[in-house]
Amino acid sequence: MLNTENIQSLIDSGEGYNVEFKVRVPSKVRELTEEICAFANADGGYLLIGVDDNGQVVDTNLENDKRSAIQGSISEISPALHCELYSVNIVNKTVWVIDVPSGKDKPYIFSGSIYVREGANSQKLRTAEEMRSFFQECNKIFFDHIPCHWFNIYTDADEQMIKDFRTEAKLSPSTPDKQIFENLELFTENGTAKNGSAMFFGKQPERKFPHAVTRCVLFKGTNKVYIIDDKTFGGSLYQQYLQAMSWLESKLQVAYKIEGAGPREEIWEIPLTVFKEAIINALSHRDYYEQGASIMIEMFDDRVEISNPGGLLPIVAKNFGHKSMTRNPLIFGLFTRMHLVERVASGIPRMQEAMREANLPEPEFHTEGMFTAVFKRGISIKNEIINVPSLSQECPKLDIRYTSIAEQIISYCSEPHSIQEIMKLVGQTNRSRFKKNIINPLLEVGILSMTIPNKPNSPLQQYIIKKLIYEYK
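Small disclaimer: the values here were computed from a predicted structure and weren't measured.

> Describe the overall build of the protein chain, with residues and values.
When helices and strands are tallied, the protein chain shows 17 helices and 19 strands. Summarising the internal contacts of the protein chain: among those between residues at least 6 apart in sequence, 67% fall at separations of at least 24. Counting every atom, the protein chain has about 22300 Å² of accessible surface; 48% of that belongs to carbon and sulfur.

This is how it looks when you write it as structure tokens:
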């Protein structure tokens, strides 16, 4: 039974894979039982009655007849499932808690249907094929749920990753790390961290999971004969996402649209949103049991391909683009908490829509063995020379005294370079003054970009030009 402090912490953390808010008991109690059934078929969870979607406690009263109705409805779940129902006082307001265990006898069925948890939502499996597949999945252990005995989150975690998670998930600064970890279900029942915890929050999880990396390759032409650039990114899964996006941005073409005195608009040859969706999908849904392959991002003259080990689960394949089920519910739930997943099963339609809006062909998807998304490029390179017609106009904070130095940097940084290399090139010795007067203004307007944007002071930091000249076909 959770106490007041535990419940307040759950409320502060918001809804997610293991937590659901309800303002009141719905008129149809079975709607509540469907959520309970879904929690039992997942990792368990908590239904908090008397809390709205914004995390505000609104106070509620469950009379005996309503409590009896809830317990009666729960008794219809098969096999039998025991849930605790109790009240907790939060700032003189009553919140009712339904504490749902992770069922030991999955799958659990309610009214002839199986309900499962996907991110922060519950969904019903509607066909016999979906149900048969789920029965098969119940006999497996999710890779991200396996005990990770070598990882101690209190001593081995990347502190910056924890800070990033708190920020992106909009968690209260007053909530202790320990409480957040417990709320996120990062541990097994005996207190051991799960694989997903190490992969998401570990400093260098690739030391133990060498296959859990993202490899980015740039090819010359339209086949895999000539490699121009080949980078492999490790670190936490969120760090891999950021590094992969940075790599793509350094290779893709971008133009700028300036109207009047307003801010300039970046127009990428392929909308960045499709890559954000595809990379998060790959990190969340790949088959981590497959240790002979990693996530691949391959760029050719005419296309970009993003692949991850593991084809579609049978439940998803039949309703591709409309149904979602992940192999890694813990990892998927953590990305959801960081608001990198908007709505379950909406990623494919959003990618299709973004490509249409950019007047590009819709992405192609290959789902056998490896899951691969193919995005056609719609530009042809005119030249590889950076053109800065008026640097002072594009970068007003750059003092005119430094224009010639900045132009040297822009030409030099068509490939990534460290601050030391750049300073040596232009004959500068005062690092702080150099960054303040030249590098920072170029970064601010997007002429330069950092290869590790979330760690500006990283000793591995490099700088690369973002702007290339191109024309639409």
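What follows picks up the thread again.
> Can you explain the sheet that holds strand E6 (residues 113-118)? Please cite residues and give values.
Across the sheet, which stays open at both edges, the three strands sit in the order E5-E6-E7 with antiparallel pairing between neighbours. Across the chains shown, the open sheet's two edge strands, defined by having one partner strand only, are strand E5 (109-110) and strand E7 (121-125). Relative to E6, E5 is paired through two bridges, and the arrangement is antiparallel. Paired with Ile109 across the two strands is Ile114, which belongs to E6. Most of the contacts of helix H2 (residues 30-40) go to E6, to which it runs at about 65°, and overall it touches E5, E6 and E7.

> Tell me about the packing of helix H15 (residues 403-412) against helix H16 (residues 419-426), and name the residues and values.
Between H15 and H16, whose axes approach to 10 Å, the crossing angle comes to 130°. The angle between the axes of H15 and H16 places the two elements in the oblique class. The hand of the H15/H16 crossing is right-handed. Residues Ile405, Gln408, Ile409 and Tyr412 of H15 form the contact with H16, whose own contacting residues are Glu421, Ile422, Leu425 and Val426. Of the residues assigned to the contact of H15 with H16, the class counts are six nonpolar, one polar and one charged.

> Requested: an account of the pairing of strand E12 (residues 295-299), with residues and values cited.
Along any regular strand the residues' side chains alternate between the sheet's two faces. The element E12 is largely enclosed, with a buried count of five among its five residues. Neither face of E12 is exposed, since Ile295, Ile297 and Met299 on one face and Met296 and Glu298 on the opposite face are all buried. With four bridges joining them, E12 and strand E13 (residues 303-309) adopt antiparallel strand pairing. Note that in E13 the partner of Met296 across the bridge is Ser307. Where E12 folds back onto E13 in an antiparallel hairpin, the turn is made up of three residues.

> Explain the sheet that holds strand E4 (residues 93-100) to me, and be specific about the residues and the numbers.
Read across the sheet, four strands follow the order E1-E2-E4-E3 without closing on themselves; strand pairing throughout is mixed. The sheet terminates laterally at strand E1 (19-22) and strand E3 (84-90), the two strands that pair on one side only. Between one strand axis and the next, the sheet turns through 25° on average, direction left out of account. As defined by bridge partners, strand E2 (residues 45-49) adjoins E4 across five bridges and the pair is classed as antiparallel. Bridge pairing links Gly45 to Val100 in E4. The strands that helix H1 (residues 4-13) touches are E1, E2, E3 and E4; relative to E3, the one it contacts most, it runs at about 85°.

> Could you give me a rundown of the nonpolar core, with the residues and numbers involved?
Ranked by size, the top nonpolar core spans 67 residues in total, and within it Phe165, Phe200, Phe201, Phe275 and Phe375 carry the most contacts. Residue contacts for Phe201: discarding those within four places in its chain leaves Phe151, Ile153, Ala157, Asp158, Met161, Ile162, Phe165, Leu186 and Leu334. With 22 residues, the next largest nonpolar core counts Leu32, Ile36, Ala38 and Ile74 among its residues.

> Please give an account of the pattern of salt bridges that cites residues and values.
A complete count under the given rule lists 20 salt bridges for this structure. We note a salt bridge from Lys104 to Glu189, for which the minimum N-O separation is 2.8 Å. Residue Lys104 is found in the loop between E4 and E5, and its partner Glu189 is found in the loop between helix H7 (177-183) and helix H8 (195-201); the two are separated by 85 residues along the sequence. Each member of the pair, Lys104 as well as Glu189, carries the same accessibility label: exposed. We note a salt bridge from Asp399 to Arg401, for which the minimum N-O separation is 3.1 Å.

> So what about the packing of aromatic side chains? Which residues, and what values?
If you walk through the whole model with that rule in mind, you get 16 aromatic pairs. Positioned over the ring face of Phe300 is Arg303, at 3.7 Å from the centre of the ring.

> Could you give an account of helix H10 (residues 272-285), naming the residues involved and the relevant values?
In this model H10 runs 20 Å from its N-terminal to its C-terminal C-alpha over 14 residues, within 8% of the 20 Å that 1.5 Å per residue would give. For H10, the complete set of buried residues consists of Leu272, Val274, Phe275, Glu277, Ala278, Ile279, Ile280, Asn281, Ala282, Leu283, Ser284 and His285.

> How would you explain the confidence of the model for the protein chain if you had to name every residue and give the values?
For the protein chain, the mean per-residue pLDDT works out to 84, and 86% of the residues sit at or above 70. Taken element by element, the predicted model of the protein chain shows its lowest mean pLDDT in strand E19 (residues 470-472) (34) and its highest in H8 (96). This model gives residues 380-389 a pLDDT under 50, and the stretch forms 18 contacts once residues within four places in sequence are excluded.

What counts and how
- Residues numbered from 1 in each chain as written.
- Predicted model: local features only at pLDDT ≥ 70, side-chain atom pairs only at ≥ 80, totals over all residues.
- Heavy atoms only, no water.
- Helix = DSSP H or I, 4+ residues; strand = E, 2+ residues; numbered from the N terminus.
- Contact = heavy atoms within 4.5 Å.
- Areas by Shrake-Rupley, 256 points an atom, 1.4 Å probe, with all protein chains shown as cover.
- Pairing = 2+ DSSP bridges.
- Axes fitted to C-alpha atoms, helices over the stretch in contact; angles between N-to-C directions.
- Parallel < 35°, antiparallel > 145°, perpendicular 65-115°, else oblique.
- Left-handed = near helix turned anticlockwise from the far one by under 90°.
- Nonpolar A, V, L, I, M, F, W, Y, C, P; charged D, E, K, R; others polar.
- Buried < 20%, exposed > 50% of the residue type's maximum accessible area, 1.4 Å probe, protein only.
- Core = buried A, V, L, I, M, F, W, Y, C linked by side-chain atoms within 4.5 Å.
- Salt bridge = Lys/Arg side-chain N within 4 Å of Asp/Glu carboxyl O.
- Phe/Tyr/Trp six-rings, centres within 6.5 Å; stacked < 30°, edge-to-face > 60°.
- Lys NZ or Arg CZ within 6 Å of the ring centre and 35° of its normal.
- Expected span 1.5 Å × (residues − 1).
- pLDDT = per-residue confidence, 0-100.

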